[in-house]
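Observations on the three-dimensional arrangement
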Amino acid sequence: MAAKKFNIGQRRLMADFCGIGGADMTTMVRMPQALGLVVSKAIRNAAQGSSRLKSIQNSWRGIVGEKIASFSKAKSLTQTTLTIEVTNRAVLQELKFNEQKILDALAKNAQTRFVKKLAFSQK
Amino acid sequence: MYCVRVDGGHALGGQVAISGSKNAGLLALAASILADEAVILHHVPDLKDTRFMGQILETLGCEFSFQTGTARIRAREISGNPFYECVRQMRASVCLLGPLVARLKQVRMPLPGGCIIGQRPIDLHLHGLKALGCEIFIQNGFVSASADHLIGATISMGGPFGSTVTGTVNVICAATLAKGATVIRNAAREPEVVDLCRMLTKMGAKIDGIGESTLTIEGVDQLHGACHELIPDRIEFGTFLLLALAGRCELKLSKMSLPLCGALVDTLATNGAVFEEIGDFFVVHGSRSNLRPMRLETFPFPGLPTDLQAPLCTLFTQISGASSIVEHIYPNRFAHIVELQRMGAVISMDGPRAIIRGVTQLSGAKMVIPDLRAGACLYMAALLANGESLIHGVHHVDRGYENFDEKLKKIGAVLQREEVERTNGGKEI
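Cut-off values and rules
Residues numbered from 1 in each chain as written. Chains lettered and ligands numbered in written order. Predicted model: local features only at pLDDT ≥ 70, side-chain atom pairs only at ≥ 80, totals over all residues. Heavy atoms only, no water. Helix = DSSP H or I, 4+ residues; strand = E, 2+ residues; numbered from the N terminus. Rg over C-alpha atoms; globule rule 2.2 N^0.38 Å. Buried < 20%, exposed > 50% of the residue type's maximum accessible area, 1.4 Å probe, protein only. Contact = heavy atoms within 4.5 Å. Areas by Shrake-Rupley, 256 points an atom, 1.4 Å probe, with all protein chains shown as cover. Lys, Arg positive; Asp, Glu negative; His and termini not counted. Charge placed at Lys NZ, Arg CZ, Asp CG, Glu CD. Domains from an automatic or database assignment. Buried area = accessible area lost by both parts, 1.4 Å probe. Salt bridge = Lys/Arg side-chain N within 4 Å of Asp/Glu carboxyl O. Polar contact = N/O pair within 3.5 Å; in protein donor to acceptor, adjacent residues only side chain to side chain.

Examining the overall build of chain B
For chain B, the helix and strand inventory stands at 14 helices and 25 strands. The C-alpha radius of gyration of chain B comes to 22 Å, within 12% of the 22 Å expected for a compact globule of 429 residues. In terms of principal-axis extent, the alpha carbons of chain B reach across some 60 × 55 × 40 Å. Taken over 429 residues, chain B has a buried fraction of 56%. Pairs at least 24 residues apart make up 72% of the contacts formed inside chain B by residues separated by at least 6 positions. Accessible surface, chain B: about 16800 Å² in total, of which carbon and sulfur atoms supply 48%. Treating the 40 positive side-chain charges of chain B as one cloud and the 42 negative ones as another, the clouds have centres 2 Å apart.

A short note on the domain arrangement of chain B
Residue and element names in this part refer to chain B. For chain B, the assigned domains read domain 1 (2–15 + 233–419) and domain 2 (23–229). When each unit is reduced to the centre of its C-alpha atoms, the spacing between domain 1 and domain 2 is 31 Å. Across the contact, 21 residues belong to domain 1 and 17 residues belong to domain 2. Of all residues in domain 1, the largest losses of buried area upon contact with domain 2 belong to Phe301, Tyr330 and Arg399, amounting jointly to 34% of the total for that side. At the junction of domain 1 with domain 2, the criterion picks out two salt bridges. One salt bridge in this structure joins Asp49 and Arg399, with 2.9 Å as the shortest N-O distance. Here domain 1 is connected to domain 2 by four residue pairs in polar contact (both at pLDDT 80 or more).

Description of the interface of chain B and chain A
Facing 15 residues of chain B, the contacting portion of chain A comprises twelve residues. Summing both partners gives a buried area of about 1100 Å² for chain B against chain A, and 60% of it is carried by carbon and sulfur. Counting every contact that joins chain B to chain A gives zero salt bridges. At the junction of chain B with chain A, the criterion picks out seven residue pairs in polar contact (both at pLDDT 80 or more). Those elements giving two or more residues to the side of chain B that touches chain A turn out to be helix 2 (48–59) and helix 3 (84–89) of chain B. Broken down by element, the side of chain B that touches chain A gets its largest block of residues, six residues, from helix 2 of chain B.

As structure tokens, then:
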């Protein structure tokens, strides 16, 4: 996005529209020439996160096996924590038992090596 | 995670509906996969363990549903093996061994490993399956059992501590689909085994000698679907019976076929307990009972059940004089003693014998439940004690007693479940 000067009100509106808050919002408001950079960063992050989750979801069956994959899925990703949604408590117990093996398998792939922690939710 | 805060010393009394038997339910659920048609079980208690078994069956490819006491299982196409964590979390899942070998001709299952109440190896299970023609390999903590054809044989299921219930059940299940006749000597005779045999008979199995120590099973080509109602839970019945006597209160329990209780009712009646059967109820007249000190020992059915040893210890604290109980089945099953002593109980140990002097006015304390039946014992003690008790580890009780808190509140208990704060490590504070 090309750098452009906006007034504070316009910058706040744009930040709101892009769902940008916190430090990025402050940066946008204080440094108008960073608006484009901040918005680009937010869009890039969101796209990257989405693509990483997709990558994990595509390789999930290969990581945990057919049986476990039929009762679970990679649900969401935040920073370095992958949340796995499970529909069967027996499978949940087995996933918890094999947590380190799953993390090791994710670490072997460049697209997924950033995952450091697993969280579980039962549906 | 939850704890229970109990305000002890309140008068108890009223009516208790006894749930379906947890142990019978778990055995029946495991055996239901012997048929590829639907098996419907009624009076199934809604417990963590029964639901967990259902979920294990789902991971094996079964259709499983459970609603208001009725479970429906259809094992049309099953495959795979139970997970390690399932067997570790719930030892009863080892009862899948026989049915899986019978249906799939092979299974690889984790060995159950240790248990807080004592050593519980499955060597008799494997001995029985081997006798039916299975090849057994043990490696890396797993047992693999396979057989092109199971063939009937004569097998003894007796062990150093009596007959094994789950071992007997595994062999019965495998034998129903074996070629020819199987004779099981020293078979466990517990009511849960009898109930399972009745269910299997409805499914088309041919079993002679049900309820006896020698069973003869004529193998058939396949079993079919059936409907079966589980027996009531004799351990829950016994727990409330003992609570009524210890608390000197009147409790009306849903009527139980007394032969299911084995020696319990007769032993207590002989020692001063007053019972009455009125209509559909078994009434415990705790206030009219004048119990004498007892010297008891746990034995396989029809002897005194090991699962009631812990609640009996609580009862003995309320009987004037010295009572004792010897634990023959699991000689180390006394983890509850320390907690009772913390409440003021006067108990000394002599090997597998606990000597308990009463009458002791117990006092409330913080406690940690070490296992399921100890949990019932400590709940009882907290209800009888002066003052407040805080009981941790209540998830153990949830495994085996359906709606325990609600049933106790209905008879006058004052208790409240609270969520436990966690530290960063996830441990209870």
